[in-house]
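Next come the chains, spelled out residue by residue.
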Amino acid sequence: MTTAPVRYLVVPTVEAADGAHSARFGDKTLLWVPADQRLGRASRTAPGLLLVTQVGRSFQDDFPDVTPLVDHGRHLVISSADKPRRRSNNCWRVEPLRAGTTVVDVPAPAAARVDPAVADLVGELSPTSYQADLTWFASLPTRHSLSTSFTTAMDFAAARMVALGYGVTRTPVTVGGGQSQNLIGDRPGTGGGGVVLITAHLDSINQAGGPAANAPGADDNGSGSAGVLELGRLLSTRSWRHDVRLILFGGEEQGLFGSKQYVAALPPAERARIRAVLNMDMIASKNTAVPTVLLEGANVSSSLMADLATAAATYTALKVETSLNPFASDHVPFINAGIPALLTIEGADSANGHIHTATDTLNFLDWALAAEILRMNVAALAGWLEPIAAVTRPRPAGSVVAWGPGRLDVFAVGMDSAMHHKAFDGTWKDFESLGGVVLS
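Criteria and thresholds
- Residues numbered from 1 in each chain as written.
- Predicted model: local features only at pLDDT ≥ 70, side-chain atom pairs only at ≥ 80, totals over all residues.
- Heavy atoms only, no water.
- Pairing = 2+ DSSP bridges.
- Helix = DSSP H or I, 4+ residues; strand = E, 2+ residues; numbered from the N terminus.
- Axes fitted to C-alpha atoms, helices over the stretch in contact; angles between N-to-C directions.
- Expected span 1.5 Å × (residues − 1).
- Buried < 20%, exposed > 50% of the residue type's maximum accessible area, 1.4 Å probe, protein only.
- Core = buried A, V, L, I, M, F, W, Y, C linked by side-chain atoms within 4.5 Å.
- Contact = heavy atoms within 4.5 Å.
- Phe/Tyr/Trp six-rings, centres within 6.5 Å; stacked < 30°, edge-to-face > 60°.

## Remarks on the sheet that holds strand E7 (residues 75-79)
Link 1 in the chain: Strand order in the open sheet made by the 4 strands is E6-E7-E5-E8, with antiparallel pairing throughout. Looking along the sheet, the strands with just one partner apiece sit at the ends: strand E6 (70-72) and strand E8 (92-96). For this sheet, the mean angle separating the axes of adjacent strands, direction not counted, is 25°.
Link 2 in the chain: With 5 bridges connecting them, strand E5 (residues 49-54) and E8 associate as antiparallel partners. Considered in E8, the bridge of threonine 53 is made with arginine 93.

As structure tokens, then:
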């Protein structure tokens, strides 16, 4: 950790410096050495280096006078001279920067062979259905966890899940002195024993205006909530070996209350059944020239991240970044419990200055980006759930001929090696020999 004065330099990731400590941020790498050592003419000194993880621009909005030494959107590096009195809140966290870490990686997975069944499923994504659900969520004045319109939103989502064939339950969530809810939709598999969770938080917030203020929450997190419903719709059209569980959490904006309480209440046997948790939070604002998604998890979820990156390379045009630095969304309580979980979130979310305000509206969404992220997600989900091939009935082949409605002719080789014929025209006729010898 960097607690002593240092000399630092930001370089392209392809470059290196012998003997220097490093931390990677996508296509940039921060190098540093003790302050009394040389590092290059462009290097600067700092009393120490701190890593900031933020939601949107929350840290930069709270501390506008702090100039980041590295700005990679969700992740910043600041001088320890600018260390705030608080270490964290619900929207940002400050910690020492560790040497030898990859804070953000840019993997380059090769595209896999296209699976026709998965390609068909990906192709059935409906931007129209997704947009309709998201537009409805964002039409409410707020979805604050303790508001009546949050309950209205939950009623709407519950009705959509029921219409798709999911069994729906609601569980209470304590948020401060009030009560909110989680909505859970279940669809059993064919007996594989596992369950895959698809989650998002349904609530929205206006950070400056308070609980009664307008908070349409189109991107944060109408985009993820509508994504849960659209993925639930797609998955309901197929049979899967494992169970599908859709969850919309309440109380996320106040401190992950819905997901924390859900995980805490899970019996050990139910925890053990969870194969994957896919959490979506802010998937519809295009903040970069190239459509980019950040996959955020931990070591326990590294295989899931690899699956998603491969799905992106195979079925989408997304640029993928990854981070093993989970923070401030509903995947975190699962990871803390040792359950494989990860977040999919739009790239460079700090460029989105509308979240947690009255201006988080449909006007600033990029529907094409959201659709690409959903395509990546459903392709990976298909692998985790394990599809059950459709069972087809045996079809008559060469030896059976249907001449028309109500007329069937069956040809078979008898013990005498001769061809025999049996007919059906409403009733079965006896076999008749057609003579001859059939050679094997």
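Moving on, there is more to tell.
## As for helix H5 (residues 218-235)
Link 1 in the chain: With 18 residues, H5 extends 24 Å between its outermost C-alpha atoms, agreeing within 8% with the 26 Å of an ideal straight helix rising 1.5 Å per residue.
Link 2 in the chain: The element H5 is extensively covered by neighbouring structure, given that 17 of its 18 residues are classed as buried.

## What to know about unusual backbone geometry
Outside of glycine, negative phi angles account for most residues, and trans bonds account for most peptide bonds.
Link 1 in the chain: Residue asparagine 221 is bonded to the preceding aspartate 220 through a cis peptide linkage, with omega at 5°.
Link 2 in the chain: When you line up the elements, asparagine 221 lands in helix H5.
Link 3 in the chain: Backbone geometry places alanine 328, a non-glycine residue, at a positive phi of 60°.
Link 4 in the chain: Following the sequence through the fold, alanine 328 ends up in the loop between strand E16 (319-323) and helix H9 (332-336).
Link 5 in the chain: Although it is not a glycine, glutamate 386 sits at a positive phi angle of roughly 65°.
Link 6 in the chain: In this fold, glutamate 386 is placed in the loop between helix H10 (367-385) and strand E18 (400-404).
Link 7 in the chain: Note on glutamate 386: relative accessible area 26%, which makes it partly exposed.

## Some details on the nonpolar core
Here is a general trend for soluble globular proteins: nonpolar side chains tend to be buried in one another's company.
Link 1 in the chain: One finds Ile198, Leu231, Leu235, Met376, Leu381 and Trp384 to be the most contacted residues of the largest nonpolar core, which totals 65 residues.
Link 2 in the chain: When residues of this core are assigned to their parent elements, the largest contribution, 13 residues, is made by H10.
Link 3 in the chain: The residues contacting isoleucine 198, other than those within four sequence positions of it, are Val228, Leu231, Leu235, Val244, Arg245, Leu246, Ile247, Leu278, Met280 and Leu381.
Link 4 in the chain: Val195, Leu197, Val263 and Ile339 belong to the second largest nonpolar core, which has 15 residues in total.

## Quick look at the sheet that holds strand E2 (residues 21-25)
Link 1 in the chain: An order of E4-E1-E3-E2-E9 is seen for the 5 strands of this open sheet, with the pairing classed as mixed. Every interior strand has two partners, whereas the edge strands, strand E4 (44-46) and strand E9 (101-104), have only one. Going across the sheet, the axis of each strand differs from the next one's by a mean of 30°, ignoring polarity.
Link 2 in the chain: Direction of pairing for E2 relative to strand E3 (residues 28-34): antiparallel, over a ladder of 5 bridges. Within E3, the residue paired with alanine 23 across the bridge is leucine 30.

## Side note on the pairing of strand E10 (residues 167-175)
Link 1 in the chain: Here E10 runs beside strand E11 (residues 178-187); their pairing, made up of 9 bridges, is antiparallel. Counterpart to threonine 169 in the pairing with E11 is isoleucine 184.
Link 2 in the chain: Here E10 hands over to E11 after 2 residues, with glycine 176 in that stretch at a positive phi of 60°.

## Regarding the packing of aromatic side chains
Link 1 in the chain: With the rule as written, the count across this model stands at 10 aromatic pairs.
Link 2 in the chain: Relative to phenylalanine 156, the ring of tryptophan 136 has its centre 4.1 Å away and its plane inclined at 10°; by these criteria the two rings are stacked. In this pair, tryptophan 136 is assigned in helix H3 (residues 127-139) and phenylalanine 156 in helix H4 (residues 148-163), connecting sequence segments 20 residues apart.
Link 3 in the chain: An aromatic cluster of three or more residues is present, and its members are Phe59, Phe63 and Trp92.

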